[in-house]
Amino acid sequence: MPFVTAGYPDIETTGAILSGLDPSWADIIELGIPFSDPIADGPIIAASMHEALQTGVRPGHVFELVRSIRADIPQGLVAMVSTSIVERSGAVGFIEEAARAGFDGLIIPDVDLDRVDEILPTIDAHEMAFSLLVAPSTTDARLESILPRCRGFIYMLARAGLTGIRSELPDISPQVERIRRLTDLPIAVGFGISSAEHVSTVLAHADAAIVGSAIVRSMGTSDDPAAAALDTIRALSSGRPPTA
Amino acid sequence: MTMKETRHIDGWFGEFGGRYVPETLVTALDQLEEAWAEAKSDPEFELEFTSLLRDYVGRATPLTHAPRLTEHAGGANIWLKREDLAHTGAHKINNTIGQALLTRRMGKQRVIAETGAGQHGVATATACARFGLECEVYMGSEDVRRQSLNVFRMKLLGAKVNVVEDGSCTLKDATNAAMRNWMETVDTTHYIIGSVVGPHPFPTLVRTFQSVIGRETRTQCIDCFGRLPDRIVACVGGGSNAAGIFSDFIGDAGVGLIGIEAGGRGARPGDHASTLVHGEPGVLHGSRSIVLQDPDGQTSTVHSCSAGLDYPGVGPEHAHWHVEGRVDYRAVTDQEAIDAFCLLSELEGCIPALETAHAVAGAVQEAGTMHRDQHLVINLSGRGDKDAEEARRLLGDLD
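Structure report, in brief.

What about the overall build of chain B?
Piece 1. For chain B, the helix and strand inventory stands at 16 helices and 14 strands.
Piece 2. On C-alpha atoms alone, chain B measures out to a radius of gyration of 19 Å, which is about the 21 Å that the 2.2 N^0.38 rule sets for 399 residues.
Piece 3. Taking the principal axes of its C-alpha atoms as reference, chain B extends roughly 55 × 45 × 45 Å.
Piece 4. Per-residue burial for chain B yields a buried fraction of 66% across its 399 residues.
Piece 5. When contacts within chain B are restricted to residue pairs at least 6 apart in sequence, long-range pairs at least 24 apart make up 74% of them.
Piece 6. As displayed, chain B offers around 13800 Å² of accessible surface, 50% of which is attributable to carbon and sulfur atoms.

So this is what it looks like as structure tokens:
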């Protein structure tokens, strides 16, 4: 599951990446809606969000882009968006707008679990995916509150800390098994997944690997950011088993 | 789901508060809440905290009559609650001592903090020195410039100061950096938030540690003039000194409470940091409160001459007091604050912090509308030694 910052470095690039993705590389694409103060993101994604905001990219532009090309994209499309943005326009209104634009799901990494039940009816009315985060430190008791509120897939953090590029991948299998015992939903693993080798290791246990910083970084160092992103995503997808 | 059914009912002030944080931090917040609940029921904790406030911080701080400022304002008697006389020169130490004790209870060895004016950074570094804890402080580069003396003090106290170059390079960005570091180090590190902001339990925790200001003020008012004051005025950035003095009087309808925000250069967006006066409900730094955001939810640029008030958010309990109408929040401009900075220095021999000078300006305006037999208390939250350089830049050499 590749992640790209929507509107980085501009909205056209995001459009080119969405249109250029081969369906065999990924089943779901995650679009990060830029936010001024992303506290869960490491320097690479945070910088890409600030750059997108500086060029004037706003949630409305992202919705507009998705609306214009949704029909041509076979993959699922989920938005990663800060609760600050969701709450600003009223959570229900934001979710309805995202659904109308063509998003299939939402990830709100900093939502208050106690408030999730207020938005789930809207999520369900639009048959959207809705993924809450599960951290290594999440207690079993809390896991039992989180999992029934997820729709579509579970977002499992491979580690404590921020998004970013890491050389080592921790052993995720105990975490995956802990979650599997309590849910039938597919498990996607993110945070620090940086290479095809990591993808391959993750997919030996979980159902999807989420890669963000490695893709965004490759865009930052290239004259053709869309091509760079597509190259990186294709290379990462070599970590998928052939049958996937 | 109704509010009554929410799990963290204690973390909500009406529609404000909560815990809007990535999952990685939730266990640490639970752990903090639990350690604090245990501490509250442990008489030893209360005893140690109270002793430290008395013997180390120098409490109780006095309530000082301000005769010449009273005369100048031409109305109510003005009294100064002298938090400027607390150890390290501001009220911030009340909270850092309390949270350092909790850090030790949780068995953590490392502390991080954000700071704007540097007073919370200094107070955190001080508490860490006292308890032998490792300390790192995050501070925006613009604030490092404005408050260089406090940077040196933190280093002298053994803390590492991390200069933050993101965004506006001020308190908001320092808070982001501290939260990011906490995400990566949460197993070994406690984050001592300096104000009544952030995810539950911080707003309640910090207000509780600061509430000693209000309790002392109540007793001292009765000792000094035989009754409760008619008004209490405090400056509000995140709002910890104000929450500390207001909270004890929330139930006293006869005591008018006035919070003074940073009006900056004026009311245009980007020119001020008057969050409650101009803001709207939203989420920032882990809680739902009133915030300064653009229509999409991006945090607005703010401005104040005072680094400690230069912040686009405010504590959720203040947002609640604001919508309930219990506290009257107003804005005072940079210029009015700087004038009050000079006024209090000349008339009473107290150089206030630039943050505190906002409260002085608002108090003088309010006192002028009151009767001579009434009483107004200013929470003199910090002293202005740290601002001497910046004031000289703003005022010239006064020759």
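Focus: unusual backbone geometry
Piece 1. Cis geometry is adopted by the peptide bond preceding Pro9 of chain A, which originates at Tyr8 of chain A and carries an omega value of -10°.
Piece 2. Residue His200 of chain B is joined to Pro201 of chain B through a cis peptide bond whose omega torsion reads 10°.
Piece 3. Considering the arrangement of structural elements, one finds Pro201 of chain B in the loop between β8 (189-191) and α9 (202-210).
Piece 4. Positive phi outside glycine occurs at Phe191 of chain A, with the angle close to 80°.

Concerning the pairing of strand β2 (residues 28-32) of chain A
All names here are of chain A.
Piece 1. Extensive coverage of β2 is indicated by the burial of four of its five residues.
Piece 2. Taken together, the three bridges between strand β1 (residues 3-5) and β2 define a ladder with parallel strand orientation. When the bridges of β2 are listed, Phe3 appears paired with Glu30.
Piece 3. Handedness of the crossover is the feature at issue here: the chain leaves β1, passes through helix α1 (residues 11-20), returns alongside β2, and the resulting connection is right-handed.

A short note on the interface of chain A and chain B
Piece 1. Contacts between the two partners involve 38 residues from chain A and, on the opposite side, 33 residues from chain B.
Piece 2. Here chain A and chain B share an interface that buries about 3300 Å² over both sides, 49% of which is from carbon and sulfur atoms.
Piece 3. The largest share of the area that chain A buries against chain B comes from Ile39, Arg88 and Asp114 of chain A, three residues that together contribute 24% of it.
Piece 4. On inspection of chain A and its partner chain B, the count reaches seven salt bridges.
Piece 5. Note that Arg142 of chain A and Glu23 of chain B form a salt bridge whose closest N and O atoms lie 2.8 Å from each other.
Piece 6. Joining chain A to chain B, the criterion identifies 17 residue pairs in polar contact (both at pLDDT 80 or more).
Piece 7. Elements represented by at least two residues in the side of chain A that touches chain B include exactly α2 (43-54), α4 (83-88), α6 (116-125), β6 (133-134) and α7 (140-146) of chain A.
Piece 8. If one sorts the elements of the side of chain A that touches chain B by residue count, α4 of chain A sits on top with five residues.
Piece 9. When its residues are assigned to classes, the side of chain A that touches chain B shows 18 nonpolar, seven polar and 13 charged.

Re the sheet that holds strand β3 (residues 76-80) of chain A
Pairing between sheet strands relies on hydrogen bonds along the backbone, with the strands arranged either parallel or antiparallel.
All names here are of chain A.
Piece 1. Read from one edge to the other, the open sheet built from five strands follows the order β1-β2-β3-β4-β5, with strand pairing classed as parallel. Bordering the open sheet on either side are β1 and β5 (129-131), each of which pairs with just one other strand. Within this sheet the neighbouring strands show an average axis-to-axis angle of 25°, counted without direction.
Piece 2. Two strands pair when backbone bridges link them, and β2 and β3 are joined in this way by five bridges, in the parallel orientation. If you follow Ile29 over to β3, its bridge partner there is Leu77.

Looking at the nonpolar core
Piece 1. By size, the foremost hydrophobic cluster in this structure holds 176 residues, and its most contacted members are Phe103, Leu106, Phe130, Val189 and Ile193 of chain A together with Trp182 and Phe246 of chain B.
Piece 2. Setting aside chain neighbours within four positions, we find Trp182 of chain B in contact with Leu25, Ala28, Leu29, Ile112, Thr189, His190, Tyr191 and Phe202 of chain B.
Piece 3. Counting 38 residues, the second largest nonpolar core, distinct from the first, contains Cys350, Val360, Ala363 and Leu380 of chain B.

Some words on the sheet that holds strand β6 (residues 134-140) of chain B
Residues and elements named next belong to chain B.
Piece 1. Ordered by their spatial adjacency, four strands build an open sheet running β7-β6-β5-β8, and the pairing between neighbours is parallel. With one partner strand each, in any of the chains shown, β7 (160-164) and β8 form the two edges of the open sheet. Between one strand axis and the next, the sheet turns through 25° on average, direction left out of account.
Piece 2. Across five bridges, β6 lies against β7 in parallel orientation. Within the sheet, the bridge partner assigned to Glu136 lies in β7 and is Lys160.

Comments concerning helix α5 (residues 91-101) of chain A
Residue and element names in this part refer to chain A.
Piece 1. Here α5 has its buried residues at Ala91, Phe94, Ile95, Ala98, Ala99 and Ala101. Each buried residue of α5 sits inside an arc of 165° when the element is viewed along its axis, so together they form one side.
Piece 2. Summarising the contacts, the buried residues of α5 are in contact with α3 (59-69), α4, β4 (105-107) and α6.
Piece 3. Taken from the residues just after α5, Gly102 is the one with a positive phi, measuring 120°.

With respect to the environment of Ala35 of chain B
Residues and elements named next belong to chain B.
Piece 1. Relative to the helices and strands, Ala35 resides in helix α1 (residues 26-40).
Piece 2. Here Ala35 falls in the buried class, since its relative accessible area comes to 8%.
Piece 3. Spatially, the C-alpha atoms of Ala35 and Arg383 are 33 Å apart, while their sequence positions differ by 348 residues.
Piece 4. Those residues in contact with Ala35 that sit more than four places away from it in its chain are Leu102, Arg105 and Met106.

So, helix α9 (residues 196-203) of chain A
All names here are of chain A.
Piece 1. If you check which residues of α9 are buried, you get His198, Val199 and Val202. The arc enclosing the buried residues of α9, seen along the axis, measures out at 100°, which places them on a common side.
Piece 2. In this fold, the buried residues of α9 make contact with β8 (187-190), β9 (208-209) and α11 (225-237).

Some remarks on the packing of α5 of chain A against α6 of chain A
The packing of two helices is summarised by the inter-axis angle and the distance between the axes.
Residues and elements named next belong to chain A.
Piece 1. Between α5 and α6, whose axes approach to 10 Å, the crossing angle comes to 20°. The orientation of α5 with respect to α6, classified from their angle, is roughly parallel. Where α5 crosses over α6, the handedness of that crossing is right-handed. Two secondary-structure elements touch here, α5 through Ala91, Val92, Ile95 and Glu96 and α6 through Ile119, Thr122 and Ile123.
Piece 2. Along the lines of polarity and charge, the residues of the contact of α5 with α6 split into five nonpolar, one polar and one charged.

A closer look at the pairing of β8 of chain A
All names here are of chain A.
Piece 1. Side chains Ile187 and Val189 of β8 all project onto a buried face; the interleaved residues Ala188 and Gly190 project onto the opposite face, where all are buried too.
Piece 2. In this region the chain leaves strand β7 (residues 154-157), passes through helix α8 (residues 173-180) and returns to the parallel neighbour β8; the handedness of that crossover is right-handed.
Piece 3. Summarising the sheet, β8 and β9 pair through two bridges and their orientation is parallel. By the bridge assignment for β9, Val189 is matched with Ala209.
Piece 4. As a crossover connection, the stretch from β8 through α9 into β9 is right-handed.

Here is what the cut-offs are and how they apply
Residues numbered from 1 in each chain as written. Chains lettered and ligands numbered in written order. Predicted model: local features only at pLDDT ≥ 70, side-chain atom pairs only at ≥ 80, totals over all residues. Heavy atoms only, no water. Helix = DSSP H or I, 4+ residues; strand = E, 2+ residues; numbered from the N terminus. Rg over C-alpha atoms; globule rule 2.2 N^0.38 Å. Buried < 20%, exposed > 50% of the residue type's maximum accessible area, 1.4 Å probe, protein only. Contact = heavy atoms within 4.5 Å. Areas by Shrake-Rupley, 256 points an atom, 1.4 Å probe, with all protein chains shown as cover. Pairing = 2+ DSSP bridges. Right-handed = clockwise from strand over helix to strand, strands pointing away. Buried area = accessible area lost by both parts, 1.4 Å probe. Salt bridge = Lys/Arg side-chain N within 4 Å of Asp/Glu carboxyl O. Polar contact = N/O pair within 3.5 Å; in protein donor to acceptor, adjacent residues only side chain to side chain. Nonpolar A, V, L, I, M, F, W, Y, C, P; charged D, E, K, R; others polar. Axes fitted to C-alpha atoms, helices over the stretch in contact; angles between N-to-C directions. Core = buried A, V, L, I, M, F, W, Y, C linked by side-chain atoms within 4.5 Å. Arc of directions from axis to C-beta. Parallel < 35°, antiparallel > 145°, perpendicular 65-115°, else oblique. Left-handed = near helix turned anticlockwise from the far one by under 90°.

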